[in-house]
Amino acid sequence: MFTSISPAPPDAILGLNEAFLADNNPDKINLGVGVYKNDQGQTPILESVRKAEALILEQETTKSYLPISGSQAYATGVQGLLFGEEHPLLSSGQLKTAQCPGGTGGLRVGADFLKFAAADAKVWISKPTWANHRSIFAGAGFELAELPWYDPETRGLNFDGLREALKQVPAGDIVLLHVCCHNPSGVDPSPEQWAEIADLAEAGGWFPFFDFAYQGFGEGLEADRAPLLLFAERGLRFVVAASCSKNFSLYNERVGSFTLLAASADEAETAFSQVKRLIRSNYSNPPRHGAAIVETILNTAELNSLWRSELDEMRNRIHSLRHTLQEALEGRGLGDFSYIGRQKGMFSFSGLSDDQVNALRKEHSIYIVKGGRINVAGIRSETLERLCDAVAAVS
């Protein structure tokens, strides 16, 4: 059965992490894997999470299966994060949310559902995008096409190219949009540009699929969801794959969701019945613990307030690191790095070439993904000067 199978190519990011772990240099730096780290180089367990877990341990009475779509309390909490707890959509019946194993699980549930609902549609993804987007949608059977996004000349958004490309997307096709903190570039549209994108969706009749992996890491929980509210206010229908793995620092608990917004409560109920059918034939129902942590935090006023302050602390650390890195690189006479300060979230297209990336790894034990994407949150105060000296050495 297995003798004719050839090896799969290694995952670019996870393979880089394996090489980092095998490196014996005590001063090695890993800016590849996309997880938040504090200044001690650890992915923290938030205090709000510790307290929520203590409550769960004290109060839970069963380890029985969840429903196919997961916990309803978790789904309600997710909808409040996506749209605001007082948004009229939450009581309209037009929203349906499935608890999923991570944001990746939400993406795959959405991809399978849309392949069922619109079998002949094409999925349009940004160039570049998170590498796994391509695998997920191609794995669901979709043909893929690319939209211009990052402009290497300006280190910003190629909005003119994006606008013209979106005008050519056929009605009924699917456009995958990062709500905030674009992965891997860190380049997001402005509010005015988002309004133009909504205009194009309305005029062109294409269907938005939002990937909301980093809510709270851009400008804050409320500001980061603004594109969703904009599209909803226009009366546009869409789906959202969201993650709570990042903003609750629950990476290994795999906490995500898939949410659909339909034209009516009846339409939502019918569509969601097919979502549940597809989940049943995939993983049957989701795991409990991570989602229980999230719903406990969101439904406990003291823990909710504590979590929000911890999320603010993580976001503010990333913002501060961006500006410190910019100043340190410019202070070495390496050019204008103001774009690093303008980008949002954990990731940045650093402007480093593949040759420089290879040299940093071989000569300095600094691990960066091909293409120059760095995880800003992987930088520590004590390693920043060494990092910038190394960049200067390979420039």
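Attention in this report is confined to the structure presented alongside it. (Residues numbered from 1 in each chain as written. Predicted model: local features only at pLDDT ≥ 70, side-chain atom pairs only at ≥ 80, totals over all residues. Heavy atoms only, no water.)

Side note on the overall build of the chain
Just so we agree on the cut-off: Under the DSSP-based scheme used, a helix requires at least four consecutive residues in state H or I and a strand at least two consecutive residues in state E, with every element numbered from the N terminus. Three exposure classes are used, based on accessible area relative to the maximum for each residue type with a 1.4 Å probe and protein chains only: buried under 20%, partly exposed in between, and exposed over 50%. Contacts: residue pairs with any heavy atoms within 4.5 Å of one another. Each accessible area is a Shrake-Rupley estimate made with a 1.4 Å probe; only the visible protein chains count as cover when residues are assessed. Working convention for charge: Lys and Arg count positive, Asp and Glu count negative, and His plus the chain ends are omitted. A charged residue contributes its charge at one atom only: NZ of Lys, CZ of Arg, CG of Asp or CD of Glu.
When helices and strands are tallied, the chain shows 15 helices and 13 strands. Taken along the three principal axes of its C-alpha coordinates, the chain extends 60 × 55 × 55 Å. Out of the 395 residues in the chain, the part that is buried amounts to 54%. Of the contacts made within the chain by residues no fewer than 6 positions apart, 74% connect residues no fewer than 24 positions apart. Looking at the chain as shown, the accessible area adds up to about 17600 Å², and 50% of this sits on carbon and sulfur atoms. On the chain, the mean spot of the 36 positive side-chain charges and the mean spot of the 48 negative ones are 4 Å from each other.

Observations concerning the pairing of strand 4 (residues 143-148)
Applied cut-off: By the convention used here, strands pair only if DSSP detects at least 2 bridges between them.
In this structure, strand 3 (residues 122-127) lies alongside strand 4, joined through six bridges in parallel fashion. Paired with Lys 127 across the bridge in strand 4 is Pro 148.

Details of the sheet that holds strand 4
Rules: Interaxial angles span 0 to 180 degrees and are taken between N-to-C directions of axes, which are lines fitted to C-alpha atoms, for helices over the stretch in contact.
Overall, mixed pairing links the seven strands, which are arranged 2-10-9-8-7-3-4 in an open sheet. Every interior strand has two partners, whereas the edge strands, strand 2 (95-101) and strand 4, have only one. Between one strand axis and the next, the sheet turns by 25° as a mean value, whatever way the strands run. With seven bridges connecting them, strand 2 and strand 10 (residues 255-261) associate as antiparallel partners. Counterpart to Gln 99 in the pairing with strand 10 is Ser 257. Packing against the sheet, helix 3 (residues 72-83) makes contact with strand 2, strand 8 (207-212), strand 9 (238-243) and strand 10, and its axis sits at approximately 110° to strand 2. Strands in contact with helix 6 (residues 159-167) are strand 4 and strand 7 (174-178); relative to strand 4, the strand with the most contacts, it is inclined by about 140°.

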